[in-house]
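A closer look at the structure
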Amino acid sequence: MKIQTDMDLQKTLFCGQFFRSQVQEDGYEIFFRDKRIFARKDQGNLLVQGQVSQEEIRDFFDLDRDYKEVEKALRKYSFLKEPLDLARGIHLLRQDLWEVIITFILSANSNIPRIRKSLFALCQNYGPKLEDDFGPYYGFPQPEDLRDVRREDFREKIKVGYRDQYLEKTTKLILAGQVNLEDLKKTDDPQEALKDLMKLSGVGEKVAHCILLFGLHNWRGFPVDVWMRRILKENFPGRKESDYQELAQTLFGPYAGFAQQTLFYYAKTQKMGGKKE
DNA sequence: CCCCAGGTCGTCA
DNA sequence: TGACGACATGGG
């Protein structure tokens, strides 16, 4: 499959929104929604192998959105210009809600390589065994797959540390219907969604915004993490940290999530100096 | 040995 | 509300 796009595959996969991909000799192995694909970029084309439809690819990689328009709208903020240039080509992936919930519960007070490791271990231990033309692989475990897992096993096999109880409790809450994922997907009020998400164990305000943005694909989401605090403090001295969330919503409105991802990528790249994490 | 990593939770004023 | 420490684990 060959699709023309300006998306930068490398940046999109490794900017910190997604953790289930691996570098191959020539491209990337990518796991999403129980699918496994191999993808690479050749000139302006995205080349994809795997048992997926073009519609699925266009949807997951958000290929039908006009990112130029978004960038244009955000360029009025001078402190965003350099980050926007650097992050050009990043698309926000339309990931599965449940997977995003688990992913960002694990992200709290952790680091990207470790999050990636834990997620792969989670799939290997509890995910469904699947197979495609390229061979066997593991899908992401569903809530039912984690129903009877003991927290000690989360800790010992997945190395999630004290987050073991978050996984256990959140799984139970969702299985019990205390938080209904299908209803969440239909919610159009972001505040309502955030409030509901924060009922889950291990989900505070920051993680809830990650889930809103990456799992519900609502760009009103703006996760305020250590990097956002540093950047906002620099550009808006005098503002209280407790106002940062609202400040970002006011400034960036419907593009808040993309602005956040842009700033996050910029901050990390500056700090890393091109190193891999 | 230290500090940090896409924070959250419980507690106490 | 607002501040503070605990919490597993791995890397630098």
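These remarks concern the structure in this document. All values derive from a computational prediction rather than experimental measurement.

Calculation criteria
- All residue numbers refer to position in the chain's written sequence, counted from 1.
- By the order in which they are written, chains take letters starting at A while ligands take numbers starting at 1.
- In view of the model being predicted, local features appear only for residues whose pLDDT reaches at least 70, and side-chain atom pairs are presented and counted only at 80 or more, with totals across whole chains, interfaces and linings using the full set of residues.
- The side-chain figures draw on all heavy atoms in the structure; neither hydrogens nor water molecules are used.
- For cavity detection a 1 Å grid was placed over the protein atoms alone, and a set of points counts as a cavity when a 1.4 Å probe fits there but cannot get out; an open set counts as a pocket when protein lies on both sides within 12 Å along at least five of seven lines, with lining residues being those that have an atom within 4 Å of a point.
- Grid points are joined across faces, edges and corners, and a volume is the space filled by probe spheres set on the points.
- Numbering of helices and strands runs from the N terminus, with a helix taken as a DSSP run of H or I at least four residues long and a strand as a DSSP run of E at least two residues long.
- Charged means Asp, Glu, Lys or Arg here, nonpolar means Ala, Val, Leu, Ile, Met, Phe, Trp, Tyr, Cys or Pro, and polar covers whatever is left, Gly included.
- If even one non-hydrogen atom of a residue comes within 4 Å of a molecule or strand, that residue is called near it.
- In protein, a polar contact requires one atom able to donate a hydrogen and another able to accept it; more generally it is a pair of N or O atoms within 3.5 Å, and residues adjacent in sequence count only if both atoms are side-chain atoms.

Throughout the structure, instances matching the rule amount to two cavities of 30 Å³ or more. In terms of lining, the largest cavity is formed by L106, S110, R114, I115, S118, K159, V160 and R163. For the lining of the largest cavity, the element with the highest residue contribution is helix 6 (residues 112-126), accounting for three residues. Residue classes in the lining of the largest cavity are distributed as three nonpolar, two polar and three charged. Put simply, the second largest cavity is a space of about 40 Å³. If you go around the second largest cavity, the residues you meet are D62, R65, L92, L93, R94, L213, H217 and W219.

The next subject is the protein's contact with DNA strand C. Surveying the vicinity of DNA strand C reveals the residues N109, N111, R114, K117, R155, G161, Y162 and R163. Among atoms of DNA strand C positioned within 4 Å of the protein, sugar and phosphate together represent 57%. The separation between a base nitrogen of DNA strand C and a polar side-chain atom of N109 is 3.2 Å. Separating a phosphate oxygen of DNA strand C from a side-chain N or O atom of R155 is a distance of 2.8 Å. In terms of residue class, the surface near DNA strand C is built from one nonpolar, three polar and four charged.

Taken together, 28 residues sit near DNA strand B, with G16, Y162, D225, Q260 and K268 positioned nearest. Close to the protein, within 4 Å, the atoms of DNA strand B are drawn from sugar and phosphate at a rate of 59%. One of the side-chain N or O atoms of Y162 is found 2.7 Å from a base nitrogen in DNA strand B. Residue K206 places a main-chain N or O atom 3.4 Å away from a phosphate oxygen belonging to DNA strand B. Elements with a contribution of two residues or more to the surface near DNA strand B: helix 11 (205-215), helix 12 (226-235) and helix 14 (256-272). Taken together, the residues of the surface near DNA strand B break down into 11 nonpolar, 11 polar and six charged.

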